[in-house]
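Now for the letters of each chain:
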Amino acid sequence: MTILLDTHTLIWFLDNDPQLPIKTRTLIETTPTVFVSIVSLWEIAIKANIGKLSLSFPFNTIEPTLNSQGITQLPISFNDLEIYLNLPLHHRDPFDRILIAQAMNHNLTFISKDTQITPYKIQCQWD
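From a predicted model like this one, the values you see are computed outputs, not experimental measurements.

Draft legend 1. Focus on the overall build of the chain. When you go through the chain residue by residue, the secondary structure sums to six helices and five strands. Secondary structure elements of the chain occur, N-terminal to C-terminal, as β-α-α-β-α-α-β-α-α-β-β. Computed over its C-alpha atoms, the radius of gyration of the chain comes to 14 Å, within 12% of the 14 Å expected for a compact globule of 127 residues. In the chain, the share of contacts with a sequence separation of at least 24, taken over all contacts with a separation of at least 6, comes to 64%. Put simply, the chain shows about 7000 Å² of open surface, and 54% of that area lies on carbon and sulfur atoms. The averaged location of the 12 negative side-chain charges in the chain is 7 Å from the averaged location of its 8 positive side-chain charges.

Draft legend 2. Quick look at the side chain of S112. Inspection of the secondary structure puts S112 in the loop between β4 (109–111) and β5 (124–125). Reaching out from S112, the side chain makes a polar contact with the side chain of D6 at a distance of 2.6 Å. Of the polar contacts made by the side chain of S112, one reaches the backbone nitrogen of D114; its length is 3.0 Å.

Draft legend 3. Representation of the nonpolar core within the structure. L5, L10, I28, V36, I62, L66 and I71 are the most contacted members of the largest nonpolar core, which totals 20 residues. When residues of this core are traced back to their parent elements, those giving at least two are β1 (2–5), α1 (7–15), α2 (22–30), β2 (33–37), α3 (38–49) and α4 (62–69). It is α1 that provides the largest number of residues to this core, a total of five residues. Beyond its immediate stretch of four places on either side in the chain, L5 contacts L10, I28, V34, F35, V36, S40, F110 and I111. Counting 16 residues, the second-largest nonpolar core is a separate cluster that includes V39, L99, A103 and Y120.

Draft legend 4. Broad picture of the packing of aromatic side chains. Taken as a whole and assessed by the stated rule, the structure comprises two aromatic pairs. Consider the rings of W42 and F95, whose centres lie 5.8 Å apart with planes at 80 degrees: the pair is edge-to-face. Highlighted residues: W42 in helix α3 and F95 in helix α6 (residues 94–106), separated in sequence by 53 residues. Exposure remark for F95: the relative accessible area of 16% places this residue in the buried category. If you follow R97 out to its NZ or CZ, it ends over the ring of Y84, 5.0 Å from the centre.

Draft legend 5. Fine view of the pairing of β2. In terms of burial, β2 is a largely internal element, four of the five residues being buried. Direction of pairing for β1 relative to β2: parallel, over a ladder of four bridges. Within the sheet, the bridge partner assigned to L5 lies in β2 and is V36. Note: β2 against strand β3 (residues 71–74), four bridges, orientation parallel.

The rules behind these values
- Residue numbers here run from 1 along each chain, matching the order of that chain's written sequence.
- A pLDDT threshold of at least 70 governs which residues receive local features in this predicted model, and a stricter bar of 80 or more applies before side-chain atom pairs are shown or counted, although totals over entire chains, interfaces and linings include all residues.
- Side-chain numbers come from the whole structure's heavy atoms, not from hydrogens or water.
- Under the DSSP-based scheme used, a helix requires at least four consecutive residues in state H or I and a strand at least two consecutive residues in state E, with every element numbered from the N terminus.
- We compute the radius of gyration over the C-alpha atoms and compare it with the globule rule, which gives 2.2 Å times the number of residues raised to the power 0.38.
- Contact definition: two residues touch when any of their heavy atoms are within 4.5 Å.
- Residue-level accessible areas treat just the shown protein chains as cover; the underlying method is Shrake-Rupley with a 1.4 Å probe.
- Charge counting treats Lys and Arg as positive and Asp and Glu as negative, with His and both chain ends excluded.
- Lys charges are placed at NZ, Arg charges at CZ, Asp charges at CG and Glu charges at CD.
- A 3.5 Å cut-off defines polar contacts: any pair of N or O atoms within that distance qualifies, except that in protein one atom must be a possible hydrogen donor and the other a possible acceptor, and neighbouring residues in sequence count only when both atoms are side-chain atoms.
- Here, nonpolar core refers to any group of buried Ala, Val, Leu, Ile, Met, Phe, Trp, Tyr and Cys residues whose side-chain atoms link them within 4.5 Å.
- Whether a residue is buried, partly exposed or exposed follows from its accessible area with a 1.4 Å probe, protein chains only, as a fraction of its type maximum: under 20%, in between, or over 50%, in that order.
- Two rings from Phe, Tyr or Trp (for Trp, the six-membered ring) form a pair when their centres are within 6.5 Å of each other. A pair whose planes differ by under 30 degrees is stacked, one over 60 is edge-to-face, and the rest are tilted.
- For a ring to carry a charge above it, either NZ of a lysine or CZ of an arginine must fall within 6 Å of the ring centroid while also lying within 35 degrees of the normal to the ring plane.
- Strands qualify as paired when DSSP identifies two bridges or more between them.

By themselves, these observations are geometric and do not establish any function.
Below is the structure:
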């Protein structure tokens, strides 16, 4: 299995937040290939900048932490955007929609608590 972390999943993982179930944390820690989309990093930066998100760690520590955890950054490809363009509007958040498109395009299991993604044909997990 190859996984893609939703933005809240990433934040809770990095923060060791109890909202992240132990089973899900273990999955992240033991899965050989884990991706974080550049979209999630962009979302965190935007929301921290406008005061919608307060991080318990400095933003500039995210990349070294991802590297030390063996988590790979996933860039946005043109094909991701083509899939995004054709997604039905079950979910209106543009950040989540591009993450869904990336999960579809790269056949990734999406690790998210967000129940609004269930209408999309992607594999999702949350324990």
